[in-house]
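Spelled out, the chains give:
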2 protein chains.
Amino acid sequence: MTTSTEENYLKAIYHLSTGNQNSVLTSAIAGSLSTSAASVTDMIKKLSEKNMVEYERYHGVKITRKGEKVALSIIRRHRLWEVFLMDTLKFKWDEVHDLAEELEHVSSDELTKRLDAFLGFPKFDPHGDPIPDTNGKVHSNGQVLLSEITKKGKYILSGVNDHSPSFLQYLEKKGLIPGSIFSIVEMDEFDNSMQIIFSNKKSIFISKEVSKNLLVRSHE
Amino acid sequence: MTTSTEENYLKAIYHLSTGNQNSVLTSAIAGSLSTSAASVTDMIKKLSEKNMVEYERYHGVKITRKGEKVALSIIRRHRLWEVFLMDTLKFKWDEVHDLAEELEHVSSDELTKRLDAFLGFPKFDPHGDPIPDTNGKVHSNGQVLLSEITKKGKYILSGVNDHSPSFLQYLEKKGLIPGSIFSIVEMDEFDNSMQIIFSNKKSIFISKEVSKNLLVRSHE
DNA sequence: TAAATAATTTAGACAAGTCTAAATTATTTT
DNA sequence: AAAATAATTTAGACTTGTCTAAATTATTTA
């Protein structure tokens, strides 16, 4: 059906698609997958043959509904495995991403279904990201990138966009984990950094680098 | 380190090695993996380069201690996943083999270790086959092929060598599951079939085809 | 033990996925 | 709007694992 490699390309394209309506550029995919632009062009042609993406030479790709369904089913598996690894096998939140990256390609819908039931039909993974349902619906529940926020106020950390161990360890050190509640104290126009304060009065600075990888919801 | 394909070859060679001291022939590996003899020759050369097998042209291979360790670690993972799929996710015993065949190649010793702990350090998989320990030791506990038995008496079914759904479904229909206790009533020299009887007086015939895939231990 | 048969290996090719270097097309700058 | 720069694609090659057909080596049979 689809190979692991194709699945990884579709996941990358899907992730690069969310948020902006534009086509996803070859170079963006290459960057995201740490591969060469030439390889991306080759794979894009293949995915286009299979109607997983719409490809216009020199102008990148748009994912089709068919491709999106595949991507979402892989993301669903990925996030369910992450819950399993943390809740059941007691891994730490910065250890689960790479393992889930392998487990997600085990190709059995029945396995996914039973895993989901065993875990009690979780709606979010350990990083706060929503788990797409069987039909490929994502309940994003008003998540926004912290970097896009213009209004001071109270927010809850609901997810992250960078799952690398180093980023997650950095967040944990700063006291930022999914569910953390904080208020924005100040936003600096110059470098887009911001200062936030937790309910325990502890206050920290957050750079644009960091805030563009944090998903938040308004709180109260 | 080792690719999935290499791992599958090593597993096959290991399984074909147990029981007989001889070299494993190219054609036997090809048969076991449903591939061509030419492909086997190619892979054998590669495994020989890596000191996983000792290869003598035209005379098959012997697995080395190094190759055996890899095979046993894969078999360990395979059987632990089978326990997980049956005990935790409630799959039936004829459904777990193919899934475990995929899961076994997820390459993390830490994952295997935690899965083992979560399952309560099981010593046997759902088919009755022993789970090799971390050091690659197998506690075979006196298992013998039913087809090799020459003495009438009472036996307990402790494992199977064929994990195909069709074979397992056949066994279940006949009342043969791991732990089943039976006595050999008669052994026919002509076609190597045998008649066995369960404690509930039910009696069945077993052909050589079947008995050579059943592992038993003497009971009392 | 020589001929026939069976098993194994070699040769050459193919598919998937990758790469670098060169050619082509887009975009930006002046 | 032409020149310079940046992005993308093409061309050609490499790796892993596979195949078929032909050549070679072992084994069996007469």
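For the structure, see preceding data.
Residues numbered from 1 in each chain as written. Chains lettered and ligands numbered in written order. Predicted model: local features only at pLDDT ≥ 70, side-chain atom pairs only at ≥ 80, totals over all residues.

Draft legend 1. Inspection of the sheet that holds strand β4 (residues 154-160) of chain B at higher detail. Residue and element names in this part refer to chain B. If you trace the 6 strands from one edge of the open sheet to the other, you get β3-β8-β4-β5-β6-β7, paired in antiparallel fashion. The sheet terminates laterally at β3 (144-145) and β7 (203-206), the two strands that pair on one side only. Looking at chain direction, strand β6 (residues 194-198) and β7 are connected through 4 bridges and run antiparallel. The residue bridging Gln195 from the neighbouring strand is Phe205, located in β7. (Pairing = 2+ DSSP bridges. Helix = DSSP H or I, 4+ residues; strand = E, 2+ residues; numbered from the N terminus.)

Draft legend 2. A look at the protein's contact with DNA strand D. The full set close to DNA strand D counts 20 residues, and Leu25, Ser27 and Ala38 of chain A together with Thr3 and Ala38 of chain B are the nearest of them. Elements supplying a minimum of two residues to the surface near DNA strand D: α2 (26-33) and α3 (37-49) of chain A together with α1 (4-17) and α3 (37-49) of chain B. In terms of residues, the surface near DNA strand D owes the most to one element, α3 of chain B, which gives 5 residues. A class-by-class count of the residues in the surface near DNA strand D yields 7 nonpolar, 9 polar and 4 charged. (Near = placed C-beta within 6 Å. Nonpolar A, V, L, I, M, F, W, Y, C, P; charged D, E, K, R; others polar.)

Draft legend 3. Expanded view of the protein's contact with DNA strand C. Taken together, 20 residues sit near DNA strand C, with Thr3 and Ala38 of chain A together with Leu25, Ser27 and Ala38 of chain B positioned nearest. Where the surface near DNA strand C is concerned, the elements lending two or more residues are α1 (4-17) and α3 of chain A together with α2 (26-33) and α3 of chain B.

Draft legend 4. Molecular detail of unusual backbone geometry. Even without glycine at this site, Asn51 of chain A takes up a positive phi of about 60 degrees. With respect to the helices and strands, the residue Asn51 of chain A is situated in the loop between α3 and β1 (53-55).

Draft legend 5. How the structure looks around the packing of helix α4 (residues 65-88) of chain A against helix α5 (residues 96-103) of chain A. Residue and element names in this part refer to chain A. Taken N-terminus to C-terminus, the directions of α4 and α5 make an angle of 130 degrees; their axes are 9 Å apart at the nearest point. On the basis of the axis angle, α4 is oblique to α5. The two elements α4 and α5 cross, and the hand of that crossing is right-handed. Residues His78, Trp81, Glu82, Leu85 and Met86 of α4 lie in contact with α5, whose contacting residues are Val96, Leu99, Ala100 and Leu103. Looking at the contact of α4 with α5, its residues break down into 7 nonpolar, 1 polar and 1 charged. (Axes fitted to C-alpha atoms, helices over the stretch in contact; angles between N-to-C directions. Parallel < 35°, antiparallel > 145°, perpendicular 65-115°, else oblique. Left-handed = near helix turned anticlockwise from the far one by under 90°. Contact = placed C-beta atoms within 7 Å.)

Draft legend 6. Structural context of the pairing of strand β5 (residues 181-187) of chain A. All names here are of chain A. As paired elements, strand β4 (residues 154-160) and β5 share 3 bridges and run antiparallel to each other. Considered in β5, the bridge of Ile156 is made with Ile181. Of the strand pairs in this sheet, β5 and strand β6 (residues 194-198) are connected by 5 bridges, and their pairing is antiparallel. Among the inter-strand pairings, Ile184 is bridged to a residue of β6, identified as Ile196.

Draft legend 7. Spotlight on the nonpolar core. Counting 59 residues, the largest nonpolar core has Leu85 and Leu214 of chain A together with Leu85 and Leu214 of chain B as its most contacted members. Not counting the four nearest positions on each side in its chain, Leu85 of chain A is found in contact with Phe91, Val96, Leu99 and Ala100 of chain A. In this structure, Ile29, Val40, Leu47 and Val70 of chain A belong to the second largest nonpolar core, which totals 20 residues. (Core = buried A, V, L, I, M, F, W, Y, C linked by C-beta atoms within 7 Å. Buried ≥ 20, exposed ≤ 12 C-beta atoms within 10 Å, placed from the backbone.)

Draft legend 8. Just the relation of the copies chain B and chain A, in detail. By a simple turn and slide, chain B fits onto chain A: the slide is 0.0 Å along the axis, the RMSD is 0.1 Å, and the turn is 180 degrees. Taken together, these values place the two copies in the relation of a two-fold axis. Within chain B, Leu103 of chain B has its C-alpha nearest the rotation axis, a separation of 3.6 Å. (Least-squares fit on C-alpha atoms with pLDDT ≥ 70 in both.)

Draft legend 9. Spotlight on the interface of chain B and chain A. Residue-level contacts link 12 residues of chain B with 12 residues of chain A. Listed by contribution, the elements that provide at least two residues to the side of chain B that touches chain A are α5 (96-103) and α6 (109-118) of chain B. When residues in the side of chain B that touches chain A are grouped by element, the largest group, 4 residues, is from α6 of chain B. Of the residues belonging to the side of chain B that touches chain A, the class tally is 7 nonpolar, 2 polar and 3 charged.

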